[in-house]
Amino acid sequence: MGKSLCCFLLCFLVLFSFCSARQQNKCSISRLNAQRPSNRIRSEAGVTEVFDHNNDQFQCAGVAVVRYIIEPNGLLLPSYVNGPQLMYFVQGRGLQGVLVTGCPETFQSFQESQEGQKQGREQQGQQGQEQQEQQEQQGQQGQEKQEQQEQQQGREQQEQQQGREQQGQQGREQQGQQGQQGQQFRGDQHQKIEEVREGDVFAVPTGFGHFIYNNGNRRLTVVSVVDISNQANQLDFQPRRFYLAGNPQNEFQQQQQQQGQQQQGREQQGREGQPRQQQQGEGNNIFSGFDAEILAEAFNVDVQIIRKVQGQNDRRGNIIKVQGGLQAVLPPRRQQEQQQDDPLYAQGNGYEETICSMKFRQNIGDPRRADFYTPSGGHRSSVTSYDLPVLRRLVQLSAHKGHLYQDAVLLPFYTGNANSIIYVVRGSARIQVVKEQGETVANVEIQEGQVIVVPQNFAALIKARDSGFEYVAFKTHENARINTLAGNLSLIRALPVQVIASAYQTSDRQARQLKYNRQESTIGAPGRASSSQYRASA
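Analysis parameters
- Residues numbered from 1 in each chain as written.
- Predicted model: local features only at pLDDT ≥ 70, side-chain atom pairs only at ≥ 80, totals over all residues.
- Heavy atoms only, no water.
- Helix = DSSP H or I, 4+ residues; strand = E, 2+ residues; numbered from the N terminus.
- Buried < 20%, exposed > 50% of the residue type's maximum accessible area, 1.4 Å probe, protein only.
- Contact = heavy atoms within 4.5 Å.
- 1 Å grid on protein atoms, 1.4 Å probe; cavity = no way out; pocket = protein on both sides within 12 Å on 5 of 7 lines; lining within 4 Å.
- Points joined across faces, edges and corners; volume = space filled by probe spheres on them.
- Nonpolar A, V, L, I, M, F, W, Y, C, P; charged D, E, K, R; others polar.
- Core = buried A, V, L, I, M, F, W, Y, C linked by side-chain atoms within 4.5 Å.
- Disulfide = S-S within 2.5 Å.
- Salt bridge = Lys/Arg side-chain N within 4 Å of Asp/Glu carboxyl O.
- Arc of directions from axis to C-beta.
- Polar contact = N/O pair within 3.5 Å; in protein donor to acceptor, adjacent residues only side chain to side chain.
- Pairing = 2+ DSSP bridges.
- Axes fitted to C-alpha atoms, helices over the stretch in contact; angles between N-to-C directions.
- Phe/Tyr/Trp six-rings, centres within 6.5 Å; stacked < 30°, edge-to-face > 60°.

**Focus: the overall build of the protein**
A count of helices and strands for the protein gives 13 helices and 25 strands. With 538 residues in all, the protein has 43% of them scored as buried. In the protein, the proportion of contacts linking residues at least 24 apart, taken out of those at least 6 apart, comes to 77%.

Below, the structure is given as structure tokens:
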């Protein structure tokens, strides 16, 4: 009994340690550098730019970073990924759809169906009038039968036969009218689609399908961070995107080929001995690997349609041009925002009232919604699971958007429970990152379009250049805990003056200056050191 109990407890501890935390990554970081995309894939209506996820800092954070540039009327084909992802819309506007199996098609175009119903009611009214006229005619015929008693039996038989013929004709007419009414519904039904714009953060849980469409008149730029170290990913540490349509090139394929060329060679040798029929499709979407005839049976459609679904001879890539524009059913953005601001929104007791109606979007680009603001320094807005419950339940990521004015300083900080993936939206800044024992691992300038990772508990200090500095920081925890080392909410501010004086060997006066001179909490206005002196030292 004791041995069985010990085995059970051991198995439980192993399972608990596997399921209750993020997968641990190798973080032997000696140098951090600002990263640019290593792979650029051109499509019919846009560009996909991929950062090398095999880089040490991305491996440490356990993430993959992709940037999509979508032209007007461009559609990023539907796909799903093996990890949760958090997207930030850098510029432009568009439509974002999330596809959830088991949820109803709540967006419907009713206009044509209502017209059909109106026509049906008119036809039913006309049929009723005809039936009333027939009844009056039958009454008149009854009076004639009373007057003509001699021909009563023959006429009754004739009228019964005529009645049966009329009823059969009316039944056929009603069936035809009902079929016509069913065909009159030519609208569309689909799951929820949301309007997105610059500054929006959009969360997509693991395995949820999604697509993006640019309905604006300029390019739509989106940065996506995929958390491949999340416990929801039961595969390896390779990001994997599964496209539902087209013949797109996998954006992570180049890096994966560099690691697995030998394995692919062995697989290719194994396939050479197989008949051609086993190599099903020539496309790269998830349907291209199935047998076309069996798949046609599954969809109950013609095989020629399945050939198109499998993306054979499709050379448009993963971002395609929608001819004539995308006509989708969606409410006005103001109505969406009012619905999402409702505290009762997304609350319920069933699957359709939780997952299906869950909020996936939050805007952090509007300065009026800033969490921290310094008049001459800048502002910062964040989104956590308290703002977006899907982050806590299904994504386990968060983000904040910062804007530093000219020569402003993001006070030294560290994130106690998450890695930070910083993407530069606009401008430039100098960033310094320090690890344990005071070792500097980064002292570089970071510019627009670049990415740098600040590992958990590594301290960072950022100073904006003359053009200012806008950035978005993705965090690998749904409620990232940011600790400052200077300012009125910092660790230094929490220490007694005598502790500061003793620790740093300063006078009490100097200790008070160190503790109280910086009154801002997060973003500091330019201090005593002039910008010219700073540039000279840089």
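**Here we look at empty space enclosed by the protein**
This model, assessed by the stated rule, comprises two cavities of 30 Å³ or more. Estimated volume of the largest cavity: approximately 50 Å³. If you trace the largest cavity, you find it lined by Arg380, His400, Leu410, Leu411, Phe413, Tyr471, Ile482, Thr484 and Thr522. Sorting the residues of the lining of the largest cavity by element identifies strand 19 (409–415) and strand 24 (482–484) as the ones contributing at least two each. The element best represented in the lining of the largest cavity is strand 19, accounting for three residues. For the lining of the largest cavity, the residue count by class is five nonpolar, three polar and one charged.

**Thoughts on the nonpolar core**
Core analysis: the largest hydrophobic core is formed by 64 residues, its most contacted members being Val65, Ile421 and Phe474. When near neighbours in sequence (up to four residues on either side) are disregarded, valine 65 contacts Glu49, Val50, Phe51, Phe58, Val223, Ser224, Val225, Ile421 and Val451. Leu410, Phe413, Val454 and Ala464 belong to the second-largest nonpolar core, a separate cluster that totals 25 residues.

**Some words on the state of the cysteines**
Under the defined criterion, the tally for this structure stands at two disulfides. Disulfide pairing is shown between cysteine 27 and cysteine 60; the S-S distance is 2.0 Å. Of note, the bridge from cysteine 27 to cysteine 60 carries an S-S torsion of about 100° and is right-handed in sense. Here cysteine 27, found in the loop between helix 1 (2–19) and strand 1 (39–43), pairs with cysteine 60, found in helix 2 (residues 56–61); they are 33 residues apart in sequence, far enough to count as distant. The disulfide that involves cysteine 103 links it to cysteine 356, with 2.0 Å between the sulfurs. Looking down the S-S bond of the cysteine 103 and cysteine 356 bridge, the torsion is -85°, so its handedness is left-handed. Here cysteine 103, found in the loop between strand 6 (93–99) and strand 7 (107–108), pairs with cysteine 356, found in the loop between helix 8 (333–341) and strand 15 (361–363); they are 253 residues apart in sequence, far enough to count as distant. For the protein, numbering the cysteines in disulfides from first to last along the sequence yields the connectivity 1-2, 3-4.

**A closer look at the pattern of salt bridges**
Counting across every chain of the model gives 15 salt bridges. Between arginine 465 and glutamate 445 there is a salt bridge, with the nearest N and O atoms lying 3.0 Å from each other. Placement of arginine 465 in strand 23 (residues 459–475) and of glutamate 445 in strand 21 (residues 440–447) is noted, with a sequence separation of 20 residues between them. You can call arginine 465 buried: its relative accessible area is 16%. The exposure class of glutamate 445 is partly exposed, given its relative accessible area of 35%.

**Some words on helix 6 (residues 292–299)**
What helix 6 keeps buried is the set Ala292, Leu295 and Ala296. Along the axis of helix 6, the buried positions cluster into a sector of 105°, meaning they face one direction only. In helix 6, the exposed residues that point more than 90 degrees away from the buried face are Glu293, Ile294, Glu297 and Ala298. On its buried face, helix 6 is in contact with helix 7 (303–309). Here helix 6 starts with a cap whose side-chain oxygen sits 3.1 Å from the backbone nitrogen of glutamate 293, and that cap is aspartate 291. Just beyond helix 6, the residue with positive phi is asparagine 300, at close to 60°.

**Quick word on the sheet that holds strand 12 (residues 220–227)**
Ordered by their spatial adjacency, seven strands build an open sheet running 1-2-3-12-5-10-15, and the pairing between neighbours is antiparallel. Each end of this open sheet is capped by a strand with a single partner; those strands are strand 1 and strand 15. Across the sheet, the mean angle from the axis of one strand to that of its neighbour is 20°, orientation sign disregarded. With three bridges joining them, strand 10 (residues 200–204) and strand 15 adopt antiparallel strand pairing. Directly across from phenylalanine 202, in strand 15, lies its bridge partner arginine 361.

**A word on the pairing of strand 22 (residues 451–454)**
Burial along strand 22 is two-sided: the face carrying Val451 and Val453 and the face carrying Ile452 and Val454 are both buried. Of the strand pairs in this sheet, strand 20 (residues 420–434) and strand 22 are connected by four bridges, and their pairing is antiparallel. Residue pairing in the sheet places tyrosine 423 in a bridge with valine 451 of strand 22.

**Describing the packing of aromatic side chains**
Throughout the structure, instances matching the rule amount to five aromatic pairs. On the basis of an interplanar angle of 75° and a centroid distance of 5.8 Å, the ring pair of phenylalanine 287 and phenylalanine 299 is categorised as edge-to-face. Here phenylalanine 287 is found in the loop between helix 5 (253–272) and helix 6, whereas its partner phenylalanine 299 is found in helix 6, with twelve residues between them in sequence. By relative accessible area, phenylalanine 287 is classed as buried at 18%. Exposure remark for phenylalanine 299: the relative accessible area of 44% places this residue in the partly exposed category.

**Focus on unusual backbone geometry**
As a rule of thumb, non-glycine residues mostly have phi less than zero, and peptide bonds are mostly trans rather than cis. In this model, asparagine 73 sits at a positive phi of 65°, which is unusual for a non-glycine residue. By secondary structure assignment, the location of asparagine 73 is in the loop between strand 3 (63–70) and strand 4 (74–81). Residue asparagine 73 is classed as partly exposed on the basis of its relative accessible area of 28%. For asparagine 313, which is not a glycine, the phi torsion comes out positive at approximately 65°. Note on placement: asparagine 313 falls in the loop between helix 7 and strand 14 (319–321).

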